[in-house]
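Spelled out from the first residue to the last, the chains are:
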Amino acid sequence: MKKTILIFGGLAFVINILLGLLLSKYSNFNMGVNCGVIALNTALLYALYQFNMRDAFRISLSFLFGIVGVIELLLACFMPQYAQDNGSLIAIILILFTKILILTITNNSSNKKNGKYELSKR
């Protein structure tokens with residue numbers, strides 16, 4: 001699964017750059033933000049499969065991160081082409097930090113049982 005995440009992330013990154021070069025309405029600023037969104041979402045999904053956590057958490061977070069990643073991509077495509085006072089950019093950053101927080105909390109609670117941490121059997 002880890003290789004698949006990296007392949008899809010790399011493919012999305014290349015497609016984003018090609019679209020940025022081919023479409024005149026797709027600005028370099030939006031392309032750069034989308035490249036960052038793709039790279040960070042790929043890294044988060046990869047990290048999700050690096051941690052030893054229960055499969056139910058891993059599967060549900062994969063779907064959640066995927067859906068929220070598409071929302072971030074849409075926000076980045078249609079946001080204004082400047083960084084200052086950009087509500088969409090602020091929303092993307094807040095969503096990213098929320099996903100990191102969810103991943104951290106889920107990883108800690110998945111490995112904790114009866115007040116003690118236990119190692120996964122993977």
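No experiment lies behind these values; they were computed from the predicted model shown.

A. Fine view of the environment of Ile 95. As for its placement among the helices and strands, Ile 95 is situated in helix 4 (residues 87-110). Taking the C-alpha atoms as reference, Ile 95 lies 9.8 Å from Ile 71; in sequence the two are 24 residues apart. Sequence-distant contacts of Ile 95, defined by excluding residues within four places in its chain, comprise Val 68, Glu 72 and Leu 75.

B. Expanded view of a nonpolar patch on the surface. On the surface, a cluster of nonpolar side chains totalling about 920 Å² of accessible area is made up of Phe 8, Leu 11, Val 14, Ile 15, Leu 18, Leu 19, Leu 21, Leu 22 and Leu 23. Position of Leu 21 among the secondary structure elements: in helix 1 (residues 2-22).

C. Examining the nonpolar core more closely. Counting residues in each nonpolar core, the largest one holds ten residues, listed as Ile 5, Leu 44, Leu 45, Leu 48, Tyr 49, Met 53, Leu 61, Phe 65, Leu 96 and Leu 103. Residue contributions to this core peak at four residues, all from helix 2 (residues 28-50). Setting aside residues up to four positions removed in sequence, Leu 96 forms contacts with Leu 40, Leu 44 and Glu 72. Judged by nonpolar contacts, the second largest core, of six residues, contains Val 33, Val 37, Leu 89 and Ile 92.

D. Quick look at the environment of Asn 28. Within the secondary structure layout, Asn 28 lies in helix 2. Judged by relative accessible area, Asn 28 falls into the exposed class, the value being 58%. Separated by 36 residues in the primary sequence, Asn 28 and Leu 64 have C-alpha atoms spaced 28 Å apart.

E. Region of interest: helix 1. Between its first and last C-alpha atoms helix 1 spans 30 Å; for 21 residues at 1.5 Å apiece the expected length is 30 Å, and the two agree. Along helix 1, the positions that sit buried rather than exposed are Ile 5, Gly 9, Asn 16 and Gly 20. Down the axis, helix 1 shows its buried residues gathered within 35° of arc, on one side only. With respect to the buried face of helix 1, the exposed residues turned more than 90 degrees away are Lys 3, Ile 7, Leu 21 and Leu 22. Residues of helix 1 that are buried make contact with helix 2.

F. Structural context of the packing of helix 3 (residues 55-77) against helix 4. At a minimum axis distance of 10 Å, the contact between helix 3 and helix 4 shows a crossing angle of 175°. By the angle class used here, helix 3 and helix 4 are roughly antiparallel. Across the interface between the two elements, Phe 57, Leu 61, Leu 64, Phe 65, Val 68, Gly 69, Glu 72, Leu 75 and Ala 76 from helix 3 touch Ser 88, Ala 91, Ile 92, Ile 95, Leu 96, Lys 99, Ile 102, Leu 103, Thr 106, Ser 109 and Ser 110 from helix 4. Grouping the amino acids of the contact of helix 3 with helix 4 by side-chain chemistry returns 13 nonpolar, five polar and two charged.

The rules behind the values
Within every chain, residues take consecutive numbers counted from 1 along the sequence as written. Local features are withheld for residues below a pLDDT of 70 in this predicted model, meaning they are given only at 70 or higher, and side-chain atom pairs are given and counted only at 80 or more; totals for whole chains, interfaces and linings count all residues. Side-chain descriptors were evaluated using all non-hydrogen atoms of the structure, hydrogens and water having been removed beforehand. Segments assigned H or I by DSSP are reported as helices when at least four residues long, segments assigned E as strands when at least two residues long, and all are numbered from the N terminus. Contact criterion: two residues are considered in contact whenever any of their non-hydrogen atoms come within 4.5 Å of each other. Each patch is built from residues lacking any salt bridge and having more than 30% relative accessible area; the joining distance is 9 Å for like charges and 5 Å for nonpolar side chains (Val, Leu, Ile, Met, Phe, Trp, Tyr). We get accessible surface area from the Shrake-Rupley algorithm with a probe of 1.4 Å; when it comes to residues, only the shown protein chains can shield them. The term salt bridge refers to a side-chain nitrogen of Lys or Arg lying within 4 Å of a carboxyl oxygen of Asp or Glu. The criterion is simple. A nonpolar core is a set of buried Ala, Val, Leu, Ile, Met, Phe, Trp, Tyr and Cys residues joined through side-chain atoms within 4.5 Å. Relative accessibility under 20% of the residue-type maximum defines a buried residue, over 50% an exposed one, and the middle range a partly exposed one, all with a 1.4 Å probe and only protein chains included. Expected span of a helix: the number of residues minus one, times 1.5 Å. To be clear, the arc concerns the directions from the helix axis to the C-beta atoms. In this analysis an axis means a line fitted to C-alpha atoms, helices contributing only their contacting stretch, and an angle means the value between N-to-C directions, from 0 to 180 degrees. Orientation is classified from the angle alone, with under 35 degrees giving roughly parallel, over 145 giving roughly antiparallel, 65 to 115 giving roughly perpendicular, and any other angle giving oblique. Here the nonpolar group is Ala, Val, Leu, Ile, Met, Phe, Trp, Tyr, Cys and Pro; Asp, Glu, Lys and Arg are the charged ones; every other residue, Gly included, is treated as polar.

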